[in-house]
Amino acid sequence: MNAGQIKGMNEWQVVVVGAGNAGLCAGMAALQAGARSVAVLEAAPKETRGGNSSLTKSMRFPWPDSRYISALLRGPHDHRVDELLAGRSRYTEQEYFDDWLRVSGSRVDTALVESIVRRSSETVRWMSESGQRWVPRSDPLPGDFPVVLDGGGQGLQGRNFACFERLGGTVLYQSAVTDIEVADPGRYVLRGAGPAFPIICDALVLASGGFEADARMRARHLGEQWREVKLRGVPFNKGAPLAAATALGADTAGNWERCHVTPQGVHLPDHLLPGQMHLSHGLARYAFPRGIVVNRDGRRFFDESSEYSSLAYVTLGQRIMDQPGKIVYQIFDNRVIEAGVLPKGYLTDPASVVAPSLEDGARRLSLDAANLVNEVRLLAGEKRLDDPPFLFVPAVAGLTFTYGGLAVNVNAEVLGGGEPIDGLYAAGVIVGGLYDEGYPAGTALMAGSVLGRRAGTSAARHSLGVRGAA
Ligand SMILES: Cc1cc2nc3c(=O)[nH]c(=O)nc-3n(C[C@H](O)[C@H](O)[C@H](O)COP(=O)(O)OP(=O)(O)OC[C@H]3O[C@@H](n4cnc5c(N)ncnc54)[C@H](O)[C@@H]3O)c2cc1C
């Protein structure tokens, strides 16, 4: 591209595509590393900014001792630390790494996962210094991470935007990137709809999420049955920057045929928008280890208590897609209802049914009653369902994000032919290779923060002509 073609373009040192948590972490880190002009391009209008990150709740990270958690809670909550940790003195990096591989399978990029795990505590400290806050989890299920982001994903993203802008960054809204070209080695021209384009930059970070919101890409990669599916997240993540990067020669990684999908209340709309975080939290149907799960035929198809729900919820979501009618029913007995351990969304769901007997509940929801009664008779060990009345809660699958993405190294450099592509970085869900089968809750935000921070630092150094590892 010659100087005449470049003249008149909107010029930035570092451009980040996507204003989710990963993109804003990259933007903040780029400014802290010395870049003076940093723009984040966001497809959504300002009123619906925030991405899927604004609908989240928690991050998973290792903690060395209770003081680490106290320091995060700062202030009125820190006296509750012992109660919160319920006798658990630490969550080591090794335990974190083992949980990740056990749940997601070993066909992940283990070097990348390990580097994320090792940099998690330090990244959380950086986020805390940048203004992030955590509070005790108010409605923990067994095995849940003890602390959550203050104000959930909405709070996370409000603080991310504030910090990025305070540092001098600019967000350009309604600026969806459709194409990426190489201007000269290490510099990129971005094209898309909106007055900001064309844009030229000295380093580029891609953080635009997966392709979960694009029906055609879903059908091509996940399979035809995924063309029609409800999204738990925003309708903006259509995968255009991911496709543009692969057209430039970027390598892909991870399992493109799989995705993160979880059990949700049947009133989940076709998609959600930032600002609907409380609706999203209320629709989660993750208390299944306290009861049983059957399909429309009254059959169990999944071992409800094999893992904590925060480790098994995606596996159940994936199995729902294979059940008749793609709907399942979680059933609890009065012992559980009376114990007050079910999340509020379960008890207020207008689609749920309280029935005096299993047969009655099955009849009202058109389940096969004989099969259900037989399944309950066969329950073994700790699991019992014999104290009426029974609560039946229907659940469907809600797609969260896709697993397939770009290949990056531990420095968040995008690879092409196995080598880093000059000046091109990626972070967040657009990165592949982190998940293969199941998913341990809270790891995606953590991975996005670690790689976002690294991508932003590396991009700033590249734009400033600094050579060598950060
Ligand atoms: C309901 C819900 C709850 C979740 N809860 C958790 C949780 O508690 N913990 C956890 O770890 N993970 C959770 N996740 C997973 C979550 O998606 C990731 O952890 C994380 O938020 C992804 O961050 P990201 O920055 O990669 O993507 P996003 O936050 O989705 O950001 C991507 C951004 O890119 C923009 N964009 C897309 N295409 C373009 C384009 N062409 N040009 C410009 N901009 C574009 C989008 O508008 C969006 O703002 C949840 C997801 C959902 C949907």
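This structure is a prediction, so every number in the text was calculated from the model and none was measured.

### Quick look at the overall build of the chain
Consideration 1: Regarding its fold elements, the chain presents 16 helices and 18 strands.
Consideration 2: Scaling as 2.2 N^0.38, a compact globule of 470 residues should have a C-alpha radius of gyration of about 23 Å, and the chain matches this with 23 Å.
Consideration 3: Its C-alpha atoms put the chain at 75 × 50 × 40 Å along the principal axes.
Consideration 4: Residue burial in the chain is summarised as follows: out of 470 residues, 50% are buried.

### Some words on the nonpolar core
Consideration 1: In this structure, Val 14, Val 15, Ala 26, Val 205, Leu 406, Ala 426 and Ala 427 are the most contacted members of the largest nonpolar core, which totals 141 residues.
Consideration 2: Here this core spans two domains, since at least three of its residues come from each of domain 1 (8-258 + 403-463) and domain 2 (261-399).

### A few points about the site of the ligand
Consideration 1: Lining the immediate environment of the ligand, one finds 41 residues, of which Gly 18, Gly 20, Gly 51, Gly 233 and Gly 428 sit closest.
Consideration 2: When residues of the shell around the ligand are traced back to their parent elements, those giving at least two are α2 (21-32), β6 (176-182), α9 (240-247), β15 (390-402) and α16 (443-463).
Consideration 3: The element best represented in the shell around the ligand is α16, accounting for four residues.
Consideration 4: Split into classes, the residues belonging to the shell around the ligand amount to 19 nonpolar, 19 polar and three charged.

### Let's talk about the domain arrangement of the chain
Consideration 1: Assigned domains of the chain: these are domain 1 (8-258 + 403-463) and domain 2 (261-399).
Consideration 2: In this assembly, 29 residues from domain 1 lie in contact with 26 residues from domain 2.
Consideration 3: Contributing elements (two or more residues each) for the side of domain 1 that touches domain 2: α5 (93-104), α7 (152-166) and β9 (230-231).
Consideration 4: No other element matches the three residues that α7 contributes to the side of domain 1 that touches domain 2.
Consideration 5: Its residues placed into classes, the side of domain 1 that touches domain 2 shows eleven nonpolar, ten polar and eight charged.

### With respect to helix α15 (residues 369-377)
Consideration 1: Residues Leu 372, Glu 375 and Val 376 constitute the buried set of α15. Angularly, the buried residues of α15 cover 95° about the axis, an arc narrow enough to put them on a single face. Every exposed residue of α15 that faces more than 90 degrees away from the buried side is listed here: Ala 370, Asn 374 and Arg 377.

### Comments concerning unusual backbone geometry
Consideration 1: Each neighbour pair has its own omega, and for Phe 197 with Pro 198 the value is -5°, a cis peptide bond.
Consideration 2: Structurally, the position occupied by Pro 198 is in the loop between β7 (188-193) and β8 (199-206).
Consideration 3: The phi torsion at Gln 174 lies on the positive side, around 45°, for a residue other than glycine.
Consideration 4: Within the secondary structure, Gln 174 sits in the loop between β5 (170-172) and β6.
Consideration 5: Overall, the presence of 15 C-beta atoms within 10 Å leaves Gln 174 in the partly exposed class.
Consideration 6: One non-glycine residue with positive phi stands out, namely Lys 326, at about 50°.
Consideration 7: Tracing the backbone through its elements, the reader meets Lys 326 in the loop between α11 (309-320) and β13 (327-333).

### Comments concerning the packing of α5 against helix α6 (residues 110-129)
Consideration 1: For the pair α5 and α6, the least separation of the axes is 10 Å and the interaxial angle reads 145°. In terms of crossing hand, the pair formed by α5 and α6 is right-handed. For the pair α5 and α6, contact is made by Glu 93, Tyr 96, Phe 97 and Trp 100 and by Val 113, Glu 114, Val 117 and Arg 118, respectively.
Consideration 2: A per-class count over the contact of α5 with α6 returns five nonpolar, no polar and three charged.

### Looking at the environment of Arg 166
Consideration 1: Following the sequence through the fold, Arg 166 ends up in helix α7.
Consideration 2: Residue Arg 166 is classed as exposed on the basis of its C-beta count, with 12 C-beta atoms lying within 10 Å.
Consideration 3: Each C-alpha atom of the pair Arg 166 and Ala 355 lies 55 Å from the other, and the pair is 189 residues apart in sequence.

### Brief notes about α2
Consideration 1: Between the first and last C-alpha of α2 there are 16 Å, a value that for twelve residues agrees with the 16 Å anticipated at 1.5 Å per step.
Consideration 2: Most of α2 sits out of view: eleven of its twelve residues are buried.
Consideration 3: Those residues of α2 that sit buried are Asn 21, Ala 22, Gly 23, Leu 24, Cys 25, Ala 26, Gly 27, Met 28, Ala 29, Ala 30 and Leu 31.
Consideration 4: Summarising the contacts, the buried residues of α2 are in contact with β1 (10-17), β2 (38-41), α7, β8 and α16.

### Description of the pairing of strand β18 (residues 419-426)
Consideration 1: Note that β8 and β18 share three bridges and pair parallel. When the sheet's bridge partners are listed, Leu 206 is paired in β18 with Ala 426.
Consideration 2: One ladder, built from three bridges, connects strand β17 (residues 413-416) with β18; its direction is antiparallel. Within β18, the position partnered with Gly 416 by the bridge is Glu 419.
Consideration 3: Between β17 and β18, which pair antiparallel one after the other, the connecting turn spans two residues, and Gly 417 there sits at a positive phi close to 60°.

### A closer look at the packing of α2 against α7
Consideration 1: Packing of α2 against α7 brings their axes to within 9 Å, and their N-to-C directions diverge by 25°. Considering their axes alone, α2 and α7 lie roughly parallel with respect to each other. The interaxial crossing formed by α2 with α7 has left-handed handedness. Where α2 approaches α7, its residues Asn 21, Leu 24, Gly 27 and Met 28 are matched on the opposing element by Leu 156, Gln 157, Asn 160, Phe 161, Cys 163 and Phe 164.

### Description of the environment of His 267
Consideration 1: Within the secondary structure, His 267 is located in the loop between β11 (259-265) and α10 (277-283).
Consideration 2: Judged by the 15 C-beta atoms lying within 10 Å of it, His 267 is partly exposed.
Consideration 3: With 147 residues separating them in the primary sequence, His 267 and Ser 120 have C-alpha atoms 35 Å apart.
Consideration 4: Setting aside chain neighbours within four positions, we find His 267 in contact with Leu 283 and Ala 351.

### Thoughts on the pairing of β7
Consideration 1: Where β6 and β7 come together, six bridges link them in antiparallel fashion. Across the sheet, the residue bridging to Ala 176 is Ala 193, located in β7.
Consideration 2: If you look at the hairpin formed by β6 and β7, you'll find five residues sitting between the two strands, and Gly 186 has a positive phi there, around 85°.
Consideration 3: When β7 meets β8, the two strands line up antiparallel, connected through three bridges.

Parameters and conventions
Residues numbered from 1 in each chain as written. Predicted model: local features only at pLDDT ≥ 70, side-chain atom pairs only at ≥ 80, totals over all residues. Helix = DSSP H or I, 4+ residues; strand = E, 2+ residues; numbered from the N terminus. Rg over C-alpha atoms; globule rule 2.2 N^0.38 Å. Buried ≥ 20, exposed ≤ 12 C-beta atoms within 10 Å, placed from the backbone. Core = buried A, V, L, I, M, F, W, Y, C linked by C-beta atoms within 7 Å. Domains from an automatic or database assignment. Near = placed C-beta within 6 Å. Nonpolar A, V, L, I, M, F, W, Y, C, P; charged D, E, K, R; others polar. Contact = placed C-beta atoms within 7 Å. Arc of directions from axis to C-beta. Axes fitted to C-alpha atoms, helices over the stretch in contact; angles between N-to-C directions. Left-handed = near helix turned anticlockwise from the far one by under 90°. Expected span 1.5 Å × (residues − 1). Pairing = 2+ DSSP bridges. Parallel < 35°, antiparallel > 145°, perpendicular 65-115°, else oblique.

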